[in-house]
Amino acid sequence: HRPTMWGYLKELNRWPLHDYFRWDLTTPEMRERLNIRERGDFVDKVSVMPEDDDTNYTVTGLAILQRHGKDFTPEDVANFWMFNIPILHVCTAERVAYRNFVRCIGPPDSASFRNPYREWIGAQIRADFFGYAAAGNPELAAEFAWRDACISHVKNGIYGEMWAAAMIAAAFVTSDIKTILRAGLDQIPARCRLADAIESVIEWQEVGVDYDTAVYRVHELWDEKRGHDWCHTISNAMVVALGLLYGEGDFGKSICRAVQPCFDTDCNGATVGSILGILHGH
């Protein structure tokens, strides 16, 4: 949350975010006051590459395409999950969908039956590999993403993955950030809530709204203290758009500008990192 992250950055004169967080820079008094906990989030506490859902799904996408080819189906994705991913390694919408698979509720019903998380960010973070696999072809990337997302998400939850996958695919053939953003928007319904939100962020940047004000506006629309808001597709897609538009094409700055607003920081930084990594050949 902002009080912890922003308090850390400002007290240590590291505002705006431009480098990794470090545990050894904090004091016991500061940790208690800002509720800073000793975890693997700090670069000086990292000893291994941790396994998590963001990276799992990229490898999963690769494995599904290797096994089933480009004509894989939503059912193929559901079956792959059950054979290869333990249920406790999936979260929110994915865990509910998994439970539905076990109850013989297949796609697309698995996405909506008793699933309160069905428009959260879980599908959007699964987009990366499908963008890589359809390099230069946003339409195909979005189609791959739809087949993946529909097993666990609906509406804007699906559109988030389609948008992100299409942007990643577009980044292989253009370096213009707005062209990349619009390549993603071209693959989702023009009148959906996600498209409207992203268009708002683009408009803010075009009329000269500065980065800090744009972040403030996102927080006015979405309350990160609410589980629904901080993990919803739309709130986090807006943050991804902020990172891309205000990162000035710089790899590190773009990622930092997707992390500093808070919300789902690791996911947003990763999505922006995918796109900027392609642009810079990382």
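One can find the structure itself at the top, above this paragraph.
Teacher, can you tell me more about the overall build of the chain here?
Helix and strand counts for the chain stand at 16 helices and 0 strands. Taking 19 Å as the expected radius of gyration for a compact globule of 282 residues, we find that the chain reaches 19 Å, a close match to that expectation. Projecting the C-alpha coordinates of the chain onto the three principal axes gives extents of approximately 50 × 40 × 35 Å. Going through the 282 residues of the chain one by one, you find that 52% of them count as buried. Taking the contacts inside the chain whose residues are at least 6 apart along the sequence as the reference set, 62% of them involve residues at least 24 apart. With the model as given, the accessible surface of the chain reaches about 13300 Å², and the carbon-plus-sulfur share is 52%.

Even after reading the chapter, I still don't get the environment of Ile168, so can you show me in this structure?
Within the secondary structure layout, Ile168 lies in helix H9 (residues 156-170). Placed 34 residues apart in sequence, Ile168 and Ala134 show a C-alpha to C-alpha distance of 8.8 Å. Dropping the residues within four chain positions of it, Ile168 is found in contact with Ala127, Asp128, Gly131, Tyr132, Ser274, Ile275 and Ile278.

Mind showing me how you'd approach the pattern of salt bridges here?
Close approach of charged atoms lets side chains of opposite charge pair. Under the definition given, this model contains 14 salt bridges. With a closest N to O distance of 2.7 Å, Glu38 and Lys45 form a salt bridge. Of the charged contacts in the structure, one is a salt bridge between Asp71 and Lys70, with a shortest N-O distance of 3.8 Å. For the pair formed by Asp71 and Lys70, the shared burial category is exposed. Linked by salt bridges that have partners in common, Glu11, Glu29 and Arg33 make up one network.

Would you take a moment to explain a nonpolar patch on the surface for this structure?
Taken together, Tyr132, Phe172 and Val173 make up a surface patch of nonpolar side chains, about 280 Å² in accessible area. Among the structural elements, Val173 can be located in the loop between H9 and helix H10 (177-185).

Would you mind showing me how to read the side chain of Asp76 here?
In this fold, Asp76 is placed in helix H4 (residues 74-84). Put simply, Asp76 is tucked away with no salt bridge, and the nearest opposite charge, on Arg147, sits 7.4 Å away. A polar contact of 2.9 Å, which involves the side chain of Asp76, links it to the backbone nitrogen of Thr73.

What am I meant to see in the environment of Leu140 here?
Here Leu140 is to be found in helix H8 (residues 138-149). With 29 residues separating them along the chain, Leu140 and Ala169 place their C-alpha atoms 8.7 Å apart.

How do you make sense of H8 when you look at a structure like this?
An α-helix turns once per 3.6 residues; consequently, residues spaced three or four apart project the same way. Between the first and last C-alpha of H8 there are 16 Å, a value that for 12 residues agrees with the 16 Å anticipated at 1.5 Å per step. Next to the buried residues of H8 lie H4, helix H7 (128-133), H9 and H10.

Would you mind showing me how to read the nonpolar core here?
The tendency in soluble globular proteins is for nonpolar side chains to be buried as a group. With 89 residues, the main nonpolar core has Trp163, Leu181, Ile198 and Leu244 as its most contacted residues. When residues in this core are grouped by element, the largest group, 10 residues, is from helix H14 (residues 233-246). Setting aside residues up to four positions removed in sequence, Ile198 forms contacts with Trp163, Leu181, Leu185, Ala237, Met238 and Ala241.

Whenever I open this one, the packing of H14 against helix H15 (residues 251-259) confuses me. Can you help?
Any two packed helices are characterised by how steeply their axes cross, that is the angle between the axes, and by the distance between the axes. Where H14 meets H15, the closest approach of the two axes is 8 Å, and the angle between their N-to-C directions is 150°. Put simply, H14 runs roughly antiparallel to H15. Along this stretch, H14 crosses H15, giving a crossing that reads as right-handed. Seen from H14, the contacting residues are Val239, Gly243 and Tyr246; seen from H15, they are Lys253, Ser254, Arg257 and Ala258. Among the residues forming the contact of H14 with H15, the class breakdown is 3 nonpolar, 2 polar and 2 charged.

Would you take a moment to explain the packing of aromatic side chains for this structure?
Inspection of every chain in the model, using the stated rule, returns 12 aromatic pairs. Between Phe72 and Phe144, the ring centres sit 5.6 Å apart and the planes meet at 40°, which makes this aromatic pair tilted. Of the two residues, Phe72 is situated in the loop between helix H3 (53-68) and H4 and Phe144 in helix H8; the sequence distance between them amounts to 72 residues. Of the two residues examined, Phe72 and Phe144, each falls in the buried class. Among the aromatic residues, ring-to-ring pairing joins Tyr57, Trp81, Tyr98 and Phe101 into one connected group. Residue placement shows Arg2 over the ring face of Trp6; its charged tip is 5.5 Å from the ring centre.

Honestly, the environment of Trp230 in this entry has me stumped. Any pointers?
Relative to the helices and strands, Trp230 is located in helix H13 (residues 227-230). Residues Trp230 and Thr213, 17 residues apart in the sequence, show an inter-C-alpha distance of 18 Å. Each residue touching Trp230, except ones within four places of it in the same chain, is listed here: Asp223, Glu224, Ser235, Asn236, Phe263 and Asp264.

Conventions used here
Residues numbered from 1 in each chain as written. Predicted model: local features only at pLDDT ≥ 70, side-chain atom pairs only at ≥ 80, totals over all residues. Heavy atoms only, no water. Helix = DSSP H or I, 4+ residues; strand = E, 2+ residues; numbered from the N terminus. Rg over C-alpha atoms; globule rule 2.2 N^0.38 Å. Buried < 20%, exposed > 50% of the residue type's maximum accessible area, 1.4 Å probe, protein only. Contact = heavy atoms within 4.5 Å. Areas by Shrake-Rupley, 256 points an atom, 1.4 Å probe, with all protein chains shown as cover. Salt bridge = Lys/Arg side-chain N within 4 Å of Asp/Glu carboxyl O. Patch = residues over 30% accessible without salt bridge, like charges linked within 9 Å, V, L, I, M, F, W, Y side chains within 5 Å. Lys, Arg positive; Asp, Glu negative; His and termini not counted. Polar contact = N/O pair within 3.5 Å; in protein donor to acceptor, adjacent residues only side chain to side chain. Expected span 1.5 Å × (residues − 1). Core = buried A, V, L, I, M, F, W, Y, C linked by side-chain atoms within 4.5 Å. Axes fitted to C-alpha atoms, helices over the stretch in contact; angles between N-to-C directions. Parallel < 35°, antiparallel > 145°, perpendicular 65-115°, else oblique. Left-handed = near helix turned anticlockwise from the far one by under 90°. Nonpolar A, V, L, I, M, F, W, Y, C, P; charged D, E, K, R; others polar. Phe/Tyr/Trp six-rings, centres within 6.5 Å; stacked < 30°, edge-to-face > 60°. Lys NZ or Arg CZ within 6 Å of the ring centre and 35° of its normal.

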